[in-house]
Amino acid sequence: MIEATLCFVLRESETDGTGEAGETDETSETSETDSDTDVLLIEKRRGLGEGWYNGPGGKLEPGETPRECAARETREEVGLEIAPDVLEYAGELTFLLDEEVHTVCHVFRTTEFAGEPRPSDEARPEWTPVDDVPYDQMWEDDRLWLPGVLAGDTVAGEFHFAGGPPLDEAAFVDHELEWGVSFESRDGDGTDTSGETEAAGE
Ligand SMILES: Nc1[nH]c(=O)nc2c1ncn2[C@H]1C[C@H](O)[C@@H](COP(=O)(O)OP(=O)(O)OP(=O)(O)O)O1
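Residues numbered from 1 in each chain as written. Predicted model: local features only at pLDDT ≥ 70, side-chain atom pairs only at ≥ 80, totals over all residues.

**A look at the overall build of the chain**
Counting secondary structure elements, the chain contains 2 helices and 9 strands. Sequence-ordered secondary structure for the chain, helices as α and strands as β, is β-β-β-β-α-β-β-β-α-β-β. When the 202 residues of the chain are sorted by exposure, 35% land in the buried category. Taking all contacts inside the chain whose residues are at least 6 apart in sequence as the whole, residues at least 24 apart take part in 65%. (Helix = DSSP H or I, 4+ residues; strand = E, 2+ residues; numbered from the N terminus. Buried ≥ 20, exposed ≤ 12 C-beta atoms within 10 Å, placed from the backbone. Contact = placed C-beta atoms within 7 Å.)

**So, helix H1 (residues 66-78)**
Counting along an α-helix, one turn takes 3.6 residues, and residues three or four places apart therefore face a common direction. With 13 residues, H1 should reach 18 Å at 1.5 Å per residue; the first-to-last C-alpha distance of 18 Å fits that figure. Turning to H1, its buried residues are Pro66, Arg67, Cys69, Ala70, Ala71, Glu73, Thr74, Glu77 and Val78. Packed against the buried residues of H1 are strand S1 (2-12), strand S2 (37-44), strand S4 (57-59), strand S6 (100-110) and strand S7 (123-129). Within two residues after H1, Gly79 carries a phi angle of roughly 80°, on the positive side. (Expected span 1.5 Å × (residues − 1).)

**Quick word on the site of the ligand**
Taken together, the neighbourhood of the ligand is formed by 18 residues, with Gly47, Gly57, Gly58, Lys59 and Trp139 sitting nearest. For the shell around the ligand, the elements supplying multiple residues, two or more each, are S1, S4 and S6. When the residues that make up the shell around the ligand are grouped by side-chain class, the tally is 8 nonpolar, 7 polar and 3 charged. (Near = placed C-beta within 6 Å. Nonpolar A, V, L, I, M, F, W, Y, C, P; charged D, E, K, R; others polar.)

**A short note on the nonpolar core**
Core analysis: the biggest nonpolar cluster contains 38 residues, and Cys7, Phe8, Val107, Phe108 and Val149 have the highest contact counts within it. Secondary-structure elements contributing two or more residues to this core are S1, S2, H1, strand S5 (88-97), S6, helix H2 (142-150) and strand S8 (155-162). Broken down by element, the residue count for this core peaks at 5 residues, all from S1. When sequence neighbours within four positions are dropped, the list of residues in contact with Val149 reads Phe8, Ala90, Gly91, Val107, Arg109 and Val155. (Core = buried A, V, L, I, M, F, W, Y, C linked by C-beta atoms within 7 Å.)

**A short note on the environment of Val9**
By secondary structure assignment, the location of Val9 is in strand S1. Residue classification places Val9 among the buried residues on the basis of 24 C-beta atoms within 10 Å. As a C-alpha pair, Val9 and Val173 span 164 residues in sequence and 29 Å in three-dimensional space. Sequence-distant contacts of Val9, defined by excluding residues within four places in its chain, comprise Leu40, Thr74, Leu80, Thr110 and Phe113.

**A look at the confidence of the model for the chain**
In this model, the chain carries a mean pLDDT of 88, and residues with pLDDT of at least 70 account for 82%. Counting contacts from residues 19-33, a segment whose pLDDT is below 50, to residues more than four positions away or on other chains yields 18 contacts. Model confidence for the complex is summarised by a pTM of 0.87, with the ipTM given as 0.94. (pLDDT = per-residue confidence, 0-100.)

**Section: the pairing of S6**
Bridging between S1 and S6 involves 8 bridges; their strand directions are parallel. In the strand pairing of S6, Leu6 is matched with Val107. In this structure, S5 lies alongside S6, joined through 9 bridges in antiparallel fashion. Of the residues in S6, the one forming a bridge with Leu96 is Val101. (Pairing = 2+ DSSP bridges.)

**Observations regarding H2**
Residues Asp142, Trp145, Leu146, Val149 and Leu150 constitute the buried set of H2. Buried residues of H2 fall within an arc of 130° about the axis and therefore sit on the same side. Where the residues of H2 are buried, they touch S1, S2, S5, S6, S8 and strand S9 (171-179). (Arc of directions from axis to C-beta.)

**Let's talk about unusual backbone geometry**
Even without being glycine, Asp98 reaches a positive phi, approximately 50°. For Glu99, which is not a glycine, the phi torsion comes out positive at approximately 70°. Counting through the fold element by element, Glu99 comes out in the loop between S5 and S6. Assessed through the 8 C-beta atoms surrounding it within 10 Å, Glu99 is described here as exposed.

This is the structure we're talking about:
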């Protein structure tokens, strides 16, 4: 079983006079996050999900907590500095391949970061309006959980894939989601110590 992270960095959109990202549309019925918020996505250059968009992230190293991993991967992949303890625990996703747990992924969210994104061997970063996330160029499960996470909700989910490995060539067959899950016990280091968090229902 792989333990991994994803980190979604949010910022207020910049109005650049081009009429693109950040322009306020007074007639729109969008909520406080969405059209005026950007999320930092990466186009992944290698590894699982190569060629697709996602948040920065990757596998935990020995002795590392999930939030330390999320901060390190974000620094390595796109050069942003984030203090691990500012990361908000937004989701726990379990990816199963042929009914065996393949990866448990801890999802974090933050608006606090320093620096400007820059590309690396692993990733090409792109600030993207949250209303314009390219779900057709992402993992198939992302459209189910990422909009809620970007809007500030918390989620526990199980996603069933069949026919692999590798996971990114398997078929996405089923899922269960639970929203509004409390991850407060993970505020210390990203590790659940309470046993309160339930896995998504059957
Ligand atoms: N179904 C899925 N949906 C999704 O959105 N992200 C997924 C996913 N399955 C795996 N991931 C993400 C989680 C994690 O950030 C990443 C793990 O991919 P890899 O094993 O290729 O690790 P990376 O190469 O990115 O990291 P390192 O090797 O640790 O640098 O893929």
